[in-house]
Amino acid sequence: EELAGIVGTDGWEFTAKSVKQDLYSVERARQVLHLNLDKPLFLSVGFVSPHIPLAAPKRFMEPFLSEECLGRIVLPPDFFSRPNLTNASAAMRKRPLTQPIGNRECSSEEARRVCGAYLGSVSFLDHLVGELLFELEALGRADNTIVLFM
């Protein structure tokens, strides 16, 4: 499936790695759900989405990157174009400045595109979690399962 992401003014381009990792997580979780159907199970599934890089299959990303949607994104009045990373973790401070969010200047238009891409990533994550819930239902495990989404 074709992927979509955002390209910042500094030339940052999304990678498909995070999308592949999320798809792999769902596939692996499905495999585990099919094991020992009669025994209790604890399964923790982690996702990259909706974190950087902000990428997802086009069908999830494009609606949120449309001009119509981007025009509806209202930045808060205290929005500033250069996030303050002084209190961020050392790993965050070491992140390359080519990332779409970080310690560099960005325009309001670019900030809206980042917000739109984030919404597309959340939509993709919602779909993936839905696939796992559907799998639980199909296996007859949904009524005896506690799902925590954190």
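Bear in mind the structure is a predicted one, so any value in this text is a computation, not a measurement.

## Observations regarding helix α2 (residues 58-65)
Side chains that are three or four residues apart share a direction in an α-helix, a result of its 3.6 residues per turn. Along α2, the residues classified as buried are Phe60, Met61 and Leu65. The arc that holds the buried residues of α2, viewed along the axis, is 110°, so those residues lie on one side.

## Here's the deal with the side chain of Asp22
The topology assignment puts Asp22 in helix α1 (residues 17-33). In this structure the side chain of Asp22 is engaged in a polar contact, spanning 2.6 Å, whose partner is the backbone nitrogen of Val48. Leaving out residues up to four positions away in the same chain, Asp22 has contacts with Phe47, Val48, Ser49, Phe124 and Leu128.

## As for a nonpolar patch on the surface
Judged by side-chain polarity, Tyr118, Leu119 and Val122 come together as a nonpolar surface patch covering roughly 230 Å² of accessible area. For Val122, a relative accessible area of 33% puts it in the partly exposed group.

## Quick word on the state of the cysteines
By the definition in use, this model includes zero disulfides. Not engaged in a disulfide, the cysteine Cys69 finds its nearest cysteine sulfur in Cys115; these two sulfurs lie 9.9 Å apart.

## Some points on the confidence of the model for the protein
Here the protein averages 77 in pLDDT, and 70% of its residues register 70 or above. Of all secondary-structure elements in the protein, the lowest mean pLDDT belongs to helix α4 (residues 90-94), at 43, while helix α3 (residues 67-72) reaches the highest, 92. Note on residues 7-14: pLDDT is under 50 here. Beyond four places in sequence and across chains, it has 21 contacts. Note that residues 85-100 has pLDDT below 50 and, in this model, 19 contacts with residues that lie over four places away or in other chains.

## Thoughts on the packing of α1 against helix α5 (residues 108-138)
Relative to each other, α1 and α5 sit at 10°, their axes nearing to 10 Å. In this view, α1 runs roughly parallel relative to α5, as classed from their interaxial angle. Here α1 contributes Val19, Asp22, Leu23, Val26, Ala29, Arg30 and Leu33 to the contact with α5, which in turn contributes Phe124, Leu128, Glu131, Leu132, Glu135 and Leu136. Here the residues of the contact of α1 with α5 are counted per class, giving nine nonpolar, no polar and four charged.

## Points about the packing of aromatic side chains
The description of an aromatic ring pair rests on the distance of the ring centres and on the angle between the ring planes. Counted by the stated rule, this structure contains one aromatic pair. Between Phe60 and Phe124, the aromatic rings sit 5.5 Å apart at their centres with planes inclined by 50°, giving tilted as the arrangement. In this pair, Phe60 is assigned in helix α2 and Phe124 in helix α5, connecting sequence segments 64 residues apart. The exposure class assigned to Phe60 is buried, which follows from its relative accessible area of 9%. Looking at Phe124, the relative accessible area reads 1%, which means it is buried.

The rules behind these values
- Residues numbered from 1 in each chain as written.
- Predicted model: local features only at pLDDT ≥ 70, side-chain atom pairs only at ≥ 80, totals over all residues.
- Heavy atoms only, no water.
- Buried < 20%, exposed > 50% of the residue type's maximum accessible area, 1.4 Å probe, protein only.
- Helix = DSSP H or I, 4+ residues; strand = E, 2+ residues; numbered from the N terminus.
- Arc of directions from axis to C-beta.
- Polar contact = N/O pair within 3.5 Å; in protein donor to acceptor, adjacent residues only side chain to side chain.
- Contact = heavy atoms within 4.5 Å.
- Patch = residues over 30% accessible without salt bridge, like charges linked within 9 Å, V, L, I, M, F, W, Y side chains within 5 Å.
- Areas by Shrake-Rupley, 256 points an atom, 1.4 Å probe, with all protein chains shown as cover.
- Salt bridge = Lys/Arg side-chain N within 4 Å of Asp/Glu carboxyl O.
- Disulfide = S-S within 2.5 Å.
- pLDDT = per-residue confidence, 0-100.
- Axes fitted to C-alpha atoms, helices over the stretch in contact; angles between N-to-C directions.
- Parallel < 35°, antiparallel > 145°, perpendicular 65-115°, else oblique.
- Nonpolar A, V, L, I, M, F, W, Y, C, P; charged D, E, K, R; others polar.
- Phe/Tyr/Trp six-rings, centres within 6.5 Å; stacked < 30°, edge-to-face > 60°.

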